[in-house]
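Structural overview
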Amino acid sequence: MIIVQHIHSSHSGVHETGMLPQVLLALPFLLALIFYISCIVISKRNERSWPVHRTTLWTLGILCALTAVIGPVAVQAHGNFTLHMLGHLLLGMIAPLLMALAAPVTLMLRTLPVPAARNVTKVLKSKPMHLFTNPVFASIMNMGGLWVLYTTNLFPAMHEHTWLHILIHFHVFLAGYLFTISMIYIDPMPHGYPYLYRGVVLVLALASHGILSKYIYANPPSGVASADAQTGGMLMYYGGDAVDIIIIFILCLHWYRSARPKILEFEKKSTGWKIDTP
Amino acid sequence: MVSVRSEQFQFSGRNLLSGILFGLGLIAFFDEVVFHQLLRWHHFYDRSTTDIGLISDGLFHAFSWFATIGGLFMFADLRRRQALWMKRWLGGVFLGAGTFQLYDGIVQHKIMRIHQIRYVDHVIVYDIVWNVGAAMMIGIGVYLVYKTRRHRKEEVAQ
């Protein structure tokens, strides 16, 4: 046990996260925040308001991502697997969810001039987008990436090479975002997949996340002490559940609204009830 | 005889499915919170596990997490359609919960030997309580589902 911890600490003590990867990783998120706020300002100028809660969600999402890539959590994540896993939860699950709920594409479409907005829509309708937003594709990118990271030598290699560190962190965020928007449709989604299909793929993806976290619990990635892997694995398991429950809830809520019986809608309209549309 | 509305007949299957999903989710959640986390009688990973056990556990956990929420949304959907058939729905809950507990007690505990209910001597006593409890839930479930089905037949005959 002592030997393991010694190797572990000497391994991680050498390679601390330097300033360069922190700056490179933080920059896109800061730009995304500036971009979002600018869109709101332009929108306001055109006398179109934007809900405060969406702005709040975007800001919180950016803050979660930044917590994972710069500052104390990011720096210590190299030597501490539990903190690394906290970073993973923030960057790969919580930030993507909050940012997806902020409907950035909707905001962009309403802010851009009509011709530019048409081009964006064209991209959204394109064949590659159809593939990217397929829940199966998104799940393979997301879960497959995690399996490769934690069960191969990629994990120790990430701590050796700065470029690998940056690449993996971007992949974790982008795959997490893609996964979220492939399951719950907040922004316009020209190629929608049926609820049942999304539900089944979601269950399989969540299962794979749960299995991987238990696998890590029992088989620490190389360079990680057993106790650290156990805490990290449990954090991944329960933290994953906490985020998953929100995604499942929203997916079911959207189904509930879409499955609204037409006759009920008519009654509500005629009695002047407010109908909430997704 | 209690009269049953036509909406309830129309959504008879959804009443049953919603109940089964919620029952599965409920019992799995209960098992995890009470036995894994509060009593700590057994854990999510008892070292003697097999790969298949790990995978089946993971799949089941994800499914039950989804089933609890999905089942309750279906419940809400039935209510707004005025098609909720409480007796049939409860039948589904008992059937779902009982079936899972029996699967857990027989397949996971005894055949795969992933974990036992508790690591004590005479675990057979716990096994009997566990599996008889499961069988009783299935019995109540089958009875309620059968009763609500008979109503349906009578109604069709009229």
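Residues numbered from 1 in each chain as written. Chains lettered and ligands numbered in written order. Predicted model: local features only at pLDDT ≥ 70, side-chain atom pairs only at ≥ 80, totals over all residues. Heavy atoms only, no water.

We now examine the overall build of chain B. A count of helices and strands for chain B gives five helices and zero strands. When the 158 residues of chain B are sorted by exposure, 51% land in the buried category. When contacts within chain B are restricted to residue pairs at least 6 apart in sequence, long-range pairs at least 24 apart make up 82% of them. (Helix = DSSP H or I, 4+ residues; strand = E, 2+ residues; numbered from the N terminus. Buried < 20%, exposed > 50% of the residue type's maximum accessible area, 1.4 Å probe, protein only. Contact = heavy atoms within 4.5 Å.)

What follows concerns the layout of surface pockets. Residues and elements named next belong to chain A. Space inside the largest pocket adds up to approximately 670 Å³. Taken together, 30 residues make up the lining of the largest pocket; nearest its centre are Met-129, Leu-174, Tyr-177, Leu-178 and Ile-181. Taken together, the elements giving at least two residues each to the lining of the largest pocket come down to helix H2 (19-45), helix H6 (104-111), helix H7 (114-125), helix H8 (127-132) and helix H11 (162-183). Of the residues forming the lining of the largest pocket, the biggest block, eight residues, is contributed by H11. (1 Å grid on protein atoms, 1.4 Å probe; cavity = no way out; pocket = protein on both sides within 12 Å on 5 of 7 lines; lining within 4 Å. Points joined across faces, edges and corners; volume = space filled by probe spheres on them.)

So, on to the pattern of salt bridges. Residues and elements named next belong to chain B. With the rule as written, the count across this model stands at three salt bridges over all chains. Here Arg-14 ties to Asp-77 by a salt bridge, and the two come within 2.4 Å at their closest N and O atoms. Of the two residues, Arg-14 is situated in helix H2 (residues 12-38) and Asp-77 in helix H3 (residues 51-80); the sequence distance between them amounts to 63 residues. With relative accessibility at 0%, the residue Asp-77 sits in the buried group. Here Asp-77 and Arg-80 are joined by a salt bridge, their closest N and O atoms 2.8 Å apart. Of the two residues, Asp-77 and Arg-80 are both situated in helix H3; the distance of three residues between them amounts to about one turn of the helix. Across this residue pair, the class does not change: Asp-77 and Arg-80 are buried. Residues participating in the shared-partner salt-bridge network are Arg-14, Asp-77, Arg-80 and Arg-81. (Salt bridge = Lys/Arg side-chain N within 4 Å of Asp/Glu carboxyl O.)

The next point concerns the interface of chain B and chain A. Taken residue by residue, the interface counts 24 residues in chain B and 28 residues in chain A. Across the chain B/chain A interface, buried area totals approximately 2,600 Å², and carbon plus sulfur atoms make up 75% of it. One can count zero salt bridges joining chain B with chain A. One can count five residue pairs in polar contact (both at pLDDT 80 or more) joining chain B with chain A. Put simply, the parts of the chain that give the side of chain B that touches chain A at least two residues each are H2 and H3 of chain B. The greatest single-element share of the side of chain B that touches chain A, amounting to 17 residues, is contributed by H3 of chain B. Taken together, the residues of the side of chain B that touches chain A break down into 13 nonpolar, four polar and seven charged. (Buried area = accessible area lost by both parts, 1.4 Å probe. Polar contact = N/O pair within 3.5 Å; in protein donor to acceptor, adjacent residues only side chain to side chain. Nonpolar A, V, L, I, M, F, W, Y, C, P; charged D, E, K, R; others polar.)

With that settled, the discussion passes to helix H5 (residues 81-101) of chain A. Residues and elements named next belong to chain A. Between its first and last C-alpha atoms H5 spans 29 Å; for 21 residues at 1.5 Å apiece the expected length is 30 Å, and the two agree. For H5, the principal kink sits at Ile-94 and spans about 35°; a proline, Pro-96, occurs within the next four residues. When you tally the buried positions in H5, you get 17 out of 21 residues, the bulk of the element. Where H5 ends, the next residue or the one after it, Ala-103, has phi of about 50°, a positive value. (Expected span 1.5 Å × (residues − 1). Bend = angle between axes of the 7 residues up to and from the residue.)

Taking 1.5 Å of rise per residue, 22 residues should cover 32 Å, and H11 of chain A covers 32 Å from first to last C-alpha, within 8% of that figure. When you tally the buried positions in H11 of chain A, you get 16 out of 22 residues, the bulk of the element.

UniProt tags residues 23-43, 55-75, 87-109, 130-150, 162-186, 195-217 and 237-256 of chain A as "transmembrane region" (unreviewed entry). From the first C-alpha to the last, residues 237-256 of chain A spans 28 Å; its make-up is 100% helix and 0% strand. (UniProt positions renumbered as here; feature names shortened; annotations may be inferred.)

Here we take up unusual backbone geometry. Residues other than glycine seldom take positive phi values, yet Ala-103 of chain A does so here, at roughly 50°. For Ala-103 of chain A, a relative accessible area of 2% translates into the label buried.

Another aspect to go through is the packing of aromatic side chains. Overall, the coordinates contain 21 aromatic pairs over all chains when judged by the stated rule. Plain terms: the ring middles of Phe-81 of chain A and Phe-155 of chain A are 5.7 Å apart, the flat faces sit at 80° to each other, and that makes the pair edge-to-face. Placement of the pair is Phe-81 of chain A in helix H5 and Phe-155 of chain A in helix H10 (residues 154-160), with a sequence separation of 74 residues. Its relative accessible area of 2% is what places Phe-81 of chain A among the buried residues. On the numbers, 5.6 Å between centres and 25° between planes, the contact of Phe-22 of chain B with Trp-89 of chain B is stacked. Taken as a pair, Phe-22 of chain B in helix H2 and Trp-89 of chain B in helix H4 (residues 86-111) lie far apart in primary sequence, 67 residues in all. Owing to a relative accessible area of 15%, Phe-22 of chain B belongs among the buried residues under this scheme. Over the ring of Tyr-185 of chain A we find Arg-198 of chain A; its NZ or CZ atom is 3.8 Å from the centre of that ring. The positively charged end of Arg-198 of chain A is found above the aromatic ring belonging to Tyr-195 of chain A, 4.6 Å away from the centroid. (Phe/Tyr/Trp six-rings, centres within 6.5 Å; stacked < 30°, edge-to-face > 60°. Lys NZ or Arg CZ within 6 Å of the ring centre and 35° of its normal.)

Within the largest apolar cluster, 72 residues are counted, with the highest numbers of intra-cluster contacts made by Leu-91, Tyr-150, Leu-202, Ile-216 and Ile-248 of chain A. Among the elements that line this core, the one with the most residues is H5 of chain A, at twelve residues. Ignoring anything within four residues of it in the chain, the contact list for Ile-216 of chain A reads Phe-81, Met-85, Tyr-150, Pro-221, Ala-229, Gly-233 and Met-236 of chain A. Formed by eight residues, the second largest nonpolar core is a distinct cluster that contains Phe-11, Leu-78, Ala-83 and Leu-84 of chain B. (Core = buried A, V, L, I, M, F, W, Y, C linked by side-chain atoms within 4.5 Å.)

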